[in-house]
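Structure assessment
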Amino acid sequence: MLANITWTSRIVSPDGTYDYSVPAEVPGCIHTDLQKAGILGDLFRRDNAENCQWIEACDVTYTGIFELKEIPENAAILFHGLDCYSTVSVNGVKLGETDNMFIPWRFELSGTLKTGENSITVAFRSPVREVEGRPKRSAAFTAERLYTRRIQCTYGWDWVGRFVTMGIWRPVELVCETADTLAHDRLGTGNEGIYVWTKNLNPFGAQVGLRLHFLDITGNGRVHLSIADPDGTVVWDKKRRILPTTDPNSADIAETVDIPDPKLWYPAGYGEQPLYTLTCKVYDADGSLTHEKAQPFGIRTVILLETEDAPDSAWAEKAKELKQYDHLIEWDRNKGSSRFCLLINGVEIFCQGANWVPCEPFPSAETPEKIRKLVSLAKTAGVTMLRVWGGGIFENDAFYTACDEMGILVTQDFLMACGSYPEEELMHHLKKEARTAALALRN
């Protein structure tokens, strides 16, 4: 991560009425920067939220200054979250444009870095002005949000004020390859490198599938894989050579692991939440450890069961009764009815829960502590499932980790809510978001 970097932000309104330069925090946004500088007050007090809505029509520029003693090879800058329309430059050289808050953005830095002082500039354009004049569409609360791939609820909802902001809302990373970095035979970025899932449970144990993806293959690397049970006892280990597969620069390793007497993961109220840990240690030709990753996981099967209700059964009669409600008389076209049952390890689960929305109006202000407290309160309330609502974000890792550990099932919306979206126009965005979310959340 770019830890030793000094950020400032400048916000300017189109008519010049507002023009502020303040210290900036990354991850962060212009609202929280202005708050810390004393320009905005408590946004939850009286009508302060309404009084700061001039911000959404402004442009905002973030500038970061950092030092380099030497120029790294094959360097790139990786933004894990930019909100939302921006132009990115390094040392005055334009690298590219961004238009989606929900995906990471990577830009190659070849020929742009220098020894000594370097500068990053991210010039954000007003998300409201960016879509002015677009055709009207049907939507709850406000419709201009439908054209912009950023957090929808902050355009104003029934539970949160209107806070249309801009900023670098997730960390920034300098990715580079030098002699002293762990660059060869490395696991793929983020969760692209490791995938762990339960293939099946049987009377003899559990079968766990592993799939590993490696980059920058040398042909001499080796990986030591091990799985430890919740008590830390190693229950399986194996060593493999890392050899190129279809692409000479990448390698894939797959394993099926048989674990006898597995400790199974259950939702809260149905059992315990034991977590196993897969550890991957990569060694070079000399036997030196170059890279290591650990991935916790639970052993459980998930089945969604939909069987037709038997005629005249209690469930079929209940369905007939429900169909007499006015909105179902108008909309329901089903001739019969069926159950919708979730089985975890073959046990029927009653999905009792609620929507999860971002726990701050500015997602960069979320903290693992607050997230964990709220998930803990949900568990205390008897919740077995939380739905990450489409008007929010793909949540921080802290949320999914807390749910793993506390036994909360998660259903994850794609990030659309309560509106008629321009599907063809957004499809290229949605494909990228789907891939990003699937890789990030699949474990």
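Position numbers for residues start from 1 in each chain and track the written sequence from start to end. In keeping with the model being predicted, local features are shown solely for residues with a pLDDT of at least 70 and side-chain atom pairs are shown and tallied solely at 80 or more, while totals for entire chains, interfaces and linings include all residues. Side-chain numbers come from the whole structure's heavy atoms, not from hydrogens or water.

A word on the overall build of the chain
Operational definition: Every helix listed is a DSSP run of H or I at least four residues long, and every strand listed is a run of E at least two residues long, numbered separately from the N terminus. Partly exposed residues are those whose accessible area sits between 20% and 50% of the maximum for their type, while under 20% is buried and over 50% is exposed, using a 1.4 Å probe and protein chains only. We call two residues contacting when some pair of their heavy atoms lies within 4.5 Å. Per-residue accessibility takes into account occlusion by the displayed protein chains alone, with areas from the Shrake-Rupley method and a 1.4 Å probe. Neither His nor the chain ends is counted toward charge; the positive residues are Lys and Arg and the negative residues Asp and Glu. Each charge is placed at NZ for Lys, CZ for Arg, CG for Asp and CD for Glu.
When helices and strands are counted, the chain shows eight helices and 25 strands. Along the three orthogonal principal directions, the C-alpha set of the chain runs to about 70 × 70 × 40 Å. Each of the 443 residues in the chain was classed as buried or not, and the buried ones make up 44%. Taking contacts inside the chain between residues at least 6 apart in sequence as the whole, the part at least 24 apart equals 68%. Here the chain displays about 22,900 Å² of accessible surface, and carbon together with sulfur accounts for 51% of that area. Treating the 45 positive side-chain charges of the chain as one cloud and the 61 negative ones as another, the clouds have centres 2 Å apart.

Considerations on the nonpolar core
So the rule is basically this: Grouping buried Ala, Val, Leu, Ile, Met, Phe, Trp, Tyr and Cys residues that are joined through side-chain atoms within 4.5 Å yields what is termed a nonpolar core.
Residues Tyr-62, Phe-79, Ile-120, Val-122 and Ile-168 are the most contacted members of the largest nonpolar core, which totals 53 residues. Among the secondary structure elements, those contributing two or more residues to this core are strand S1 (5-12), helix H1 (30-36), strand S3 (59-68), strand S4 (73-79), strand S6 (85-90), strand S8 (105-108), strand S9 (116-124) and strand S11 (172-177). Among the elements that take part in this core, S3 stands out by supplying four residues, more than any other. The next biggest cluster of nonpolar side chains, apart from the first, holds 23 residues, and it includes Ala-206, Val-208, Ile-227 and Ile-259.

Concerning the packing of aromatic side chains
Condition: Working definition: a ring pair exists when centres of Phe, Tyr or Trp rings (six-membered ring for Trp) sit within 6.5 Å. Plane angles under 30 degrees give stacked, over 60 give edge-to-face, the rest tilted.
Counted according to the given criterion, the structure contains 13 aromatic pairs. Here Tyr-62 and Phe-124 contribute two aromatic rings whose centre-to-centre distance is 5.8 Å and whose plane-to-plane angle is 85 degrees, an arrangement assigned as edge-to-face. Pair noted here: Tyr-62 is in strand S3 and Phe-124 is in strand S9, with a separation of 62 residues, a long-range link. Here the aromatic rings of Phe-141 and Trp-157 are separated by 4.8 Å at their centres, their planes lie at 45 degrees, and the arrangement is tilted. Residue Phe-141 is found in the loop between helix H3 (127-130) and strand S10 (167-168), and its partner Trp-157 is found in the loop between H3 and S10; the two are separated by 16 residues along the sequence. A relative accessible area of 11% places Trp-157 in the buried class. In this structure an aromatic cluster arises from ring pairing among Phe-141, Trp-157, Trp-159 and Trp-389.

Quick notes on the sheet that holds strand S20 (residues 302-305)
Condition: Two strands are counted as paired when DSSP detects at least two bridges linking them. Fitted lines through C-alpha atoms serve as axes, helices being fitted only where they are in contact, and the angles separating the N-to-C directions of these axes extend from 0 to 180 degrees.
The strand order S20-S21-S22 describes an open sheet built from three strands, whose pairing is antiparallel. Where the open sheet ends on each side, the last strands, each with one partner, are S20 and strand S22 (347-349). Sheet twist, expressed as the average angle between the axes of neighbouring strands with direction ignored, equals 35 degrees. With three bridges connecting them, strand S21 (residues 341-344) and S22 associate as antiparallel partners. Bridging across to S22, Leu-343 finds its partner in Glu-348.

Looking at the side chain of Arg-149
Rule in force here: By the criterion applied in these results, polar contacts are pairs of N or O atoms within 3.5 Å in which, for protein atoms, one can donate a hydrogen and the other can accept it, and in which residues neighboring in sequence qualify only through two side-chain atoms.
Secondary-structure assignment places Arg-149 in the loop between H3 and S10. Overall, the relative accessible area of 0% leaves Arg-149 in the buried class. Polar side-chain contacts of Arg-149 include one of 2.8 Å to the backbone oxygen of Leu-415. Dropping the residues within four chain positions of it, Arg-149 is found in contact with Cys-84, Asp-99, Asn-100, Met-101, Phe-102, Leu-415, Met-416, Tyr-421, Leu-426, His-429, Leu-430 and Glu-433.

A look at a nonpolar patch on the surface
Selection rule: Surface patches are defined over residues having more than 30% relative accessible area and no salt bridge, joining like charges when they lie within 9 Å and nonpolar side chains (Val, Leu, Ile, Met, Phe, Trp, Tyr) when within 5 Å. A pair is scored as a salt bridge if a Lys or Arg side-chain nitrogen falls within 4 Å of a carboxyl oxygen belonging to Asp or Glu.
Together, Tyr-270, Val-347 and Phe-350 give the surface a local cluster of nonpolar side chains, amounting to about 270 Å² of exposed area. Residue class for Phe-350 comes out exposed when judged on its relative accessible area of 56%.

Looking at the pairing of strand S7 (residues 93-99)
As paired elements, S6 and S7 share six bridges and run antiparallel to each other. Among the inter-strand pairings, Val-88 is bridged to a residue of S7, identified as Gly-96. As consecutive antiparallel partners, S6 and S7 are separated by two residues, and within that stretch Asn-91 has a phi angle of approximately 50 degrees, a positive value.

A look at the packing of helix H6 (residues 368-380) against helix H7 (residues 397-406)
Condition: Helix crossings get a hand from a simple test, with the near helix turned counterclockwise from the far one by less than a right angle marking a left-handed crossing and a clockwise turn marking a right-handed one.
Across the interface, H6 lies against H7 with an axial gap of 9 Å and an inter-helix angle of 35 degrees. Note on packing geometry: the crossing formed by H6 with H7 is right-handed. Counting all contacts with H6, which are made through Pro-368, Ile-371, Arg-372, Val-375, Ser-376 and Lys-379, the residues of H7 involved are Ala-398, Phe-399, Ala-402, Cys-403, Glu-405 and Met-406.

A closer look at the environment of Val-282
Secondary-structure assignment places Val-282 in strand S18 (residues 276-283). Accessibility expressed as a relative area gives 0% for Val-282, which makes it buried. Sequence spacing of Val-282 and Val-223 is 59 residues, and the spatial spacing of their C-alpha atoms is 4.4 Å.

Some thoughts on the confidence of the model for the chain
Do not read the fine detail of predicted coordinates wherever pLDDT is low. Here is the rule: Scored between 0 and 100, pLDDT is the confidence that the predictor attaches to each residue.
Of the residues in the chain, 96% reach a pLDDT of 70 or more, and the chain-wide mean stands at 93. Note on residues 178-183: pLDDT is under 50 here. Beyond four places in sequence and across chains, it has seven contacts.

Re H7
Given 3.6 residues per turn, any residue in an α-helix points the same way as the ones three and four places further on. Defined as follows: Think of the arc as the fan of directions from the helix axis to the C-beta atoms.
Within the sequence span of H7, burial applies to Phe-399, Tyr-400, Ala-402, Cys-403 and Met-406. For H7, the buried positions fall inside an angular range of 160 degrees around the axis, keeping them on one side. Contacts from the buried residues of H7 go to strand S23 (353-356), H6, strand S24 (385-388), strand S25 (409-412) and helix H8 (423-441).

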